[in-house]
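Tertiary structure, described
The residues making up each chain are set out below.
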Amino acid sequence: MQKTWHIIADANSFYASVEKVFRPELRDKPVVVLSNNDGIIVALSPEAKAIGLKRGDAYHLIKDLAQKHDTQFFSSNFILYYDFSRRIEQIIRRNFEHVEKYSIDEMFITYYSSLNVNDLRKILSKVRQEILDETKIKVSFGAAPTKTLAKVMNQYSKKDNRYNGVSILHDMSKLKTALEKFFVGDVWGIGRQSTKKLETYNIRTAWEFSQRNDAWIRKNFNITGLRTAKELRGVPVVQIGDITESKQSILCSRSFPKAIENVDDIRAALADFVEEVGEKLRKQQSVCRNVSVFVVTAAPKHRIHGDSFWTQVELPYFANDTITLTRSAMIGLQLLLKPGVKYKKAGVTVTNLIPETNLQFNLWQDTSKILKFRTLYKKIDFVNTSVGYVRLGVQNPDNAVHAFRQNLKSPNYTTDIRQVPKIDMDKPLKDSD
DNA sequence: TCTGGGGTCCTAGGACCC
DNA sequence: TCTGGGGTCCTAGGACCC
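If you're wondering where the values come from, they're calculated on a predicted model, not measured in any experiment.

Points about the pattern of salt bridges
- The final tally for this structure, using the stated rule, is 23 salt bridges.
- The shortest N-O distance in the salt bridge between Arg289 and Glu314 comes to 3.9 Å. One end of the pair, Arg289, is in strand E10 (residues 286-297); the other, Glu314, is in strand E11 (residues 308-319), and 25 residues separate them in sequence.
- In this structure, Lys378 and Glu356 form a salt bridge, with 3.7 Å as the shortest nitrogen-oxygen distance. Taken together, the positions of Lys378 in helix H13 (residues 367-386) and Glu356 in the loop between strand E12 (343-355) and H13 put the pair 22 residues apart, joining distant regions of the chain.
- Its relative accessible area of 52% is what places Lys378 among the exposed residues.
- Residues joined in a network through salt bridges with shared partners are Arg94, Lys126, Glu130 and Glu134.

Here is the structure:
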C-alpha cells in the first residue's frame, strides 16, 4: 500500500562543518561561526558545544574561555555557505521528485511509496553517503507521517550516532515512546514563550502536550499550537512555503560596528540597504508598494538593546527601481532621525509585493517615467553583476562607516577563482592528499 | 569597544461600510 | 430604562523559525 512519508534533511552544524571542509586540521577541534560584525555565535561544531558554548553567546564574553580550548573562530561567509547549500540541494533533487527548500541547510521531501521501512532506510542512507562523498557535509534524515514528527526523528538521529544519520518513525505504536522522551520546548513550532506557558501547566514532554484536548490547545496556543499537536499525533496539517518561491517581504538591515550620529552617514548606510533590497526585488521580478524604515539607537550603559523606531512610506506607484525606493526611504528616515542621537542599527523592508507583470498604472500617471526607470535598472543590474559599480549620489562607497567588521572570514574557496585552495607543488603528495 | 539578519503566519482591534 | 448588528479590510505587534 502506498504511504506518504515526510522527510527532513538537515545538515549538521552547517556553517561550522563547511568551514571544516577546507581546514581538515580542525576536524576534531571546536569551531565557531560568528554573526555579522563578529557579534554573537550563530553556529558551532559538536566540540564547541561540548565545552559549553551556545548559539547566541556574545563573542567578546566567551572569547577567552574558548581560546583556552583551542577554539577556531570564523566570521560568517555566506557566499561559501550558499554554494554548499546549492550543491547539497542538487544531490537531493536528483534523488527525489518533491523537494521543498526550507532554509539554507534544511529540505523537506515528500515521498509517496509502498517501500517497507528497511528499503526506505537504504535509500536515505545512500543519499546521505552521496552528499558526504561529494561535499564532505554530514546530513541527518528524519522520516515520519508528518513534518513535525520528521523533525522529532531528525533530532534523534543527530543526537545518537547509532542511527547513522537516518531515523524513521514507521510504527505508530512507537509514537508514545518517542514523544515521552522528547522535551516539549524542542518541538518544531514551540518556542520560548510557549514553553514557559506549558511549564505552568506542568507539561514537559511532547507526548503530554499532544494528549491535551483540542479546545484547550486552541484557546491557549491558537491555531498554530493546535496544528503542532495534530502533527504530533500523526495527522499531517502543516504546509510550508518553499523559500525559493517569491518572498512576500524583503528586508536588509545591519548593526553598525560603531554607533553613528552623522546624518549623512546614516543616509548613506540606508541607501546601501535599499540598493540590496531593490536588487533582490528585481531578481524575483516583483514590485512593491510600501517601504518601511527603522533605526535602533545605541543602548544606554545599563541596557543591552537600544530603542527602535519604525515608519512606513507608501510609494506613489508599484516600483522596484532603486531611485524610487531610495527617495521614499529617505523621506521615512527623515521622520525618524533626531539630532544628537547615536544610532546602532538601521534597516529597510519592502512589503506589499506583487509580480512585476501585474504592474498597473493610474490613468494620470506619467508612465513613461516609470518605465524608463525599470529599463534603466535592468541595465544597471547587468552592469553591476558583470563589471561595474553604479551607485546613487547619496551612497558613499569610499567611506562606508557601516561596513561589517569581519576579521575572521575564510576565503570564498568555491566561488572565486582567486581564492581556490592552493596545492604546494614543491611538496611531495602524500596518500592522504 | 564589543551582543546577526532575514523571513512567515496569526490575531486583536480599529476603521469603515451598510 | 434603553444606546444595532454584521461584515470586510487593514495594521501593529507577537511568536516562531533558522
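The discussion continues.
What to know about the protein's contact with DNA strand C
- Within the structure, DNA strand C sits among 14 residues, and Glu106, Lys151, Gly189, Gln193 and Ser194 are positioned closest to it.
- Close to the protein, within 4 Å, the atoms of DNA strand C belong to sugar or phosphate groups at a rate of 100%.
- Between DNA strand C and the protein, one listed contact pairs a phosphate oxygen with a backbone N or O atom of Ile190 at 3.1 Å.
- Among the elements of the structure, strand E5 (98-103) and helix H8 (192-200) are those that each provide at least two residues to the surface near DNA strand C.
- A per-element tally of the surface near DNA strand C places H8 first, with 3 residues.

A short note on the protein's contact with DNA strand B
- Every one of the 26 residues lining DNA strand B counts as a neighbour, but Arg55, Arg227, Leu251, Ser253 and Lys344 are closest to it.
- The backbone of Ser253 places a nitrogen or oxygen atom 2.6 Å from a phosphate oxygen of DNA strand B.
- In this structure, Ser255 approaches DNA strand B through a main-chain N or O atom, which is 2.8 Å from a phosphate oxygen.
- Breaking the surface near DNA strand B down by element, the ones donating at least two residues are helix H3 (59-68), helix H10 (214-232), strand E9 (250-260) and E12.
- If you tally residues by element for the surface near DNA strand B, the top one is E9, at 6 residues.
- Of the residues in the surface near DNA strand B, the class split is 8 nonpolar, 10 polar and 8 charged.

Quick notes on the sheet that holds E10
- Reading across the sheet, the 4 strands line up as E9-E12-E10-E11 and stay open at both edges, with antiparallel pairing between neighbours. The open sheet has two free edges, formed respectively by E9 and E11, since each of these has just one partner strand. The average undirected angle you get between the axes of adjacent strands in this sheet is 15°.
- The pairing of E10 with E11 spans 8 bridges and is classified as antiparallel. Within E11, the residue paired with Val295 across the bridge is Phe309.
- Against the sheet, helix H11 (residues 263-283) contacts E9, E10, E11 and E12, and its axis sits at roughly 155° relative to E9.

How each quantity is defined
Going along each chain's sequence as written, the residues are numbered from 1 onward. To read the labels, note that chains go from A and ligands from 1, taken in the order they are written. Local features are withheld for residues below a pLDDT of 70 in this predicted model, meaning they are given only at 70 or higher, and side-chain atom pairs are given and counted only at 80 or more; totals for whole chains, interfaces and linings count all residues. Note that water and hydrogens are dropped before the side-chain values are worked out from all heavy atoms of the structure. Salt bridge, as applied in this entry: a Lys or Arg side-chain nitrogen positioned within 4 Å of an Asp or Glu carboxyl oxygen. By the criteria applied, helices consist of DSSP H or I runs no shorter than four residues and strands consist of E runs no shorter than two, each listed in order from the N terminus. Throughout this description, buried means an accessible area under 20% of the type-specific maximum (1.4 Å probe, protein chains only), exposed means over 50%, and partly exposed covers the range between. In this text, near means that some heavy atom of the residue lies within 4 Å of the molecule or strand in question. The term polar contact refers here to a pair of N or O atoms within 3.5 Å; inside protein, the definition further demands a hydrogen-donor-capable atom paired with an acceptor-capable atom, and it admits residues adjacent in sequence only when both atoms are side-chain atoms. The residue classification treats Ala, Val, Leu, Ile, Met, Phe, Trp, Tyr, Cys and Pro as nonpolar and Asp, Glu, Lys and Arg as charged. All others, Gly included, are polar. Pairing between two strands requires that DSSP report at least two bridges joining them. With axes taken as lines fitted to C-alpha atoms, and helix axes fitted only over the stretch in contact, angles between N-to-C directions fall between 0 and 180 degrees. Whether two residues are in contact is decided by their heavy atoms: any pair within 4.5 Å suffices.

Geometry only, nothing functional implied.
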